[in-house]
Amino acid sequence: MLLRGVLLAVQALQLAGALDLPAGSCAFEESTCGFGSVFAFLPWILNEEGHYIYVDTSFAKQGEKALLLSSELQAEEWSCLRLVYQITSSGSPSDPSRLNLYVRFEDENFDRLLWSAKDPSDSWLIASLDLQKTSKKFKILIEGVLGQGNTASIALFEIKMTTGYCIECDFEENHLCGFVNRWNPNVNWFVGGGSIRNSHSVLPQDHTFRSELGHYMYVDSVYVKHFQEVAQLISPMTTAPMSGCLSFYYQLLQENDSIFSVYTRDAAGLYEEIWKRGRSGSAAWNLAEVEFSAPYPMEVIFEVAFNGPKGGYVAVDDISFSPVPCQNQTERPFSAIEASCNFEEDLCNFYQDKEGLGWTRVKVKPNMYRTGDHTSGIGYYLLANTKFTSQPGYIGRLYGPSLPGNLQYCLRFYYAIYGFLKMSDSLAVYIFEENHVVQEKVWSVLESPRGVWMQAEIPFKKPMPTKVVFMSLCKSFWDCGLVALDDITIELGSCWSPERMPPPPGECTFEQDECAFTQERRNRSSWHRRRGETPTSYTGPKGDHTTGVGYYMYIEASHMVYGQKARLLSWPLRGVAGKHCLTFFYHMYGAGTGLLSVYLKKEGDSEESLLWRRRGEQSISWLRALIEYSCERQHQIIFEAIRGVSIRSDTAIDDVKFQAGPCAETEDITQQSSGYSEDLNEIEY
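Note that this is a predicted model, so its numbers are computed, not measured.

Draft legend 1. Structural view of the state of the cysteines. Scanning all chains against the criterion turns up 7 disulfides. With its sulfur 2.1 Å from that of its partner, Cys26 forms a disulfide with Cys33. Linking Cys26 and Cys33, the disulfide has an S-S dihedral of approximately 80 degrees and is accordingly described as right-handed. For Cys26, a relative accessible area of 0% gives the class buried. The exposure class of Cys33 is partly exposed, given its relative accessible area of 31%.

Here it is in structure tokens:
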């Protein structure tokens, strides 16, 4: 049996009956098990002969959707949710049908998108989705949205939720756990064992049952037409961060003519070899263990190549994963928390040269002249006060904690530059290899808007343990300035910019669009999505809060009259018990600034409840707002901006985030009125 990268029709996930399926599963033989259609939308139709449910354009219009909701579930152990589905459509529509899967936690008022598909196919496909263990109860929500085309349809053949990891497999079921062979005309992976006897080689018994009844995967050099080509067995893509020990059993029959390796591949197509067979294995099954870290979506690829006709075969069975490191693990694991800092309490695990303390931890009170920190607008950040140095060539170095070698990292931080006639190299980042005492410059400032917090992203990977070094340089006594640094994070994986990645569930950065926010009307006096400065001088932000060069929402006061309102409404939020925390950043700079209010509108109520309000000019900085509220009915959050007395009244918001539970911090209520005071420009050291 040869896998083609797509699973052939009804062979996927054949099971005895719905009664044998675990919670959260359904074979749709005679019923939809504990799943039910949501009344307000299209119903999912159970096929008369059983085997699947569907929704199509024979009884619905383009753009309509059907929702399927599971019963209440729990995943006290890591689980794998497998979905066998098919999307069909006539022609190649510009607006395709979509199948989305959400997780709805009991204490959250929004749904988390876990997976989405839109590509049509002529066969059943399988999706494998990791569900992290949690003590919270949740429901699975499956949404089918019909696209263009006279014969658009979406069908579900089976849903199965089992304990374990999606990259684990013993190859005993027809769906092969979602593993696929990358089709190659010359060399491929086959299913071995059972009643299959299509090989000229003498193949082994499987490892799972140690009998002829069990199954495994194998590659045989007998079938190879051209040598030095590879056969790839590809796991499902991980959908949740995981780290631990990946193990599998393999067997070889060869005369040193085969190469057997294991790789990881991320969504950008970047390969990394994590294991290679070193010496000849015995004729029996050999256990292999390898450290596996997938902080972001990743596939595992088992790759075999033959250099000659006597390569024999390579077989693989019983792939498993444990969150505990392999026995041969000696290095201390990487911790993103230990490698990051927002400088609110101290320098965290960062430190400076003993010769000179070039960086100072400071804070600025909200004012109209100097920008505050990036974290909240009123907190601490680092300042290299190069303007006050006594000699040219001054250097201030800030060292990060030691990072394990041979891992892919993404460094993100925010910086702001003041002064400097020539900005280039006023701030640079070096990677310091500890064992070789070598420093490599990986980034430096070229030009950026002055006084604006800008985000920088730097991917790097070194074979040896390293440290990140921030260096502030004053080349000439007559051309020095201030360099500010805040919110440093170091994470595993490649850097994904906000423009290419959707924001996490319950968040909106306005980088791609207005998310699910709506407006009562759209005209010149509405909320507008913008990047960069606003048109009117001495009002509005110079850049957004997310990256400094991204998008935000604002009102353009020059298009409005005094007292005119603009209202931005959130998507409907589900009512649940308990407290919720709404955070966002707001910008109220300008002598004529009016009012910014946040209201709660409950379903069925004509009145709106005021949750938060700021009046008048607040700061030249983006300031953070924290709002704690409770609502057990469906509701909306409304941002209302009112134009002030002059055109210098632009008001903006950015980085809106909804979270379950009370706010971890409280907002400083002294910032509720206008920010004028006698010490507007005072820096606190």
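Draft legend 2. Representation of the sheet that holds strand S33 (residues 518–519) within the structure. Judged by pairing direction, the sheet is antiparallel, and its 5 strands sit side by side in the order S33-S36-S41-S38-S39 without closing on themselves. Looking at strand neighbours, the two that pair on one side only are S33 and strand S39 (609–615), the edges of this open sheet. Inspection of the sheet shows strand S36 (residues 565–569) paired to strand S41 (residues 635–642) by 5 bridges, in the antiparallel sense. Note that in S41 the partner of Leu568 across the bridge is Phe639.

Draft legend 3. Local environment of the nonpolar core. Counting residues in hydrophobic clusters, the biggest one holds 39 residues, and the most contacted among them are Trp189, Phe248, Phe260, Phe292 and Phe302. In this view, Phe292 contacts Ile167, Thr238, Met242, Ser243, Gly244, Leu246, Thr264, Ile274, Met298, Val300 and Phe321; residues no more than four positions away in its chain are not counted. Formed by 35 residues, the second largest nonpolar core is a distinct cluster that contains Phe28, Leu73, Phe138 and Ile142.

Draft legend 4. Looking closely at the pattern of salt bridges. Applying the stated rule across the entire model yields 21 salt bridges. In this structure, the salt-bridge partner of Lys137 is Glu72, at a minimum N-O distance of 3.8 Å. Linking Lys137 in strand S10 (residues 134–145) with Glu72 in the loop between strand S4 (65–69) and strand S5 (73–75), this pair joins segments that are 65 residues apart in sequence. Measuring nitrogen to oxygen at the nearest pair gives 3.4 Å for the salt bridge that ties Lys579 to Glu628.

Draft legend 5. Inspection of the sheet that holds strand S19 (residues 286–294) at higher detail. Ordered in space as S13-S14-S21-S16-S19, the 5 strands form an open sheet in which the pairing is antiparallel. One side of each edge strand has no neighbouring strand; the edge strands of this open sheet are strand S13 (190–193) and S19. On average, adjacent strands in this sheet sit at an angle of 40 degrees to one another, irrespective of strand direction. Strand direction decides the pairing type here: strand S16 (residues 242–253) and S19, joined by 9 bridges, are antiparallel. Within S19, the residue paired with Gly244 across the bridge is Phe292.

Definitions and cut-offs
Residues numbered from 1 in each chain as written. Predicted model: local features only at pLDDT ≥ 70, side-chain atom pairs only at ≥ 80, totals over all residues. Heavy atoms only, no water. Disulfide = S-S within 2.5 Å. Buried < 20%, exposed > 50% of the residue type's maximum accessible area, 1.4 Å probe, protein only. Pairing = 2+ DSSP bridges. Helix = DSSP H or I, 4+ residues; strand = E, 2+ residues; numbered from the N terminus. Core = buried A, V, L, I, M, F, W, Y, C linked by side-chain atoms within 4.5 Å. Contact = heavy atoms within 4.5 Å. Salt bridge = Lys/Arg side-chain N within 4 Å of Asp/Glu carboxyl O. Axes fitted to C-alpha atoms, helices over the stretch in contact; angles between N-to-C directions.

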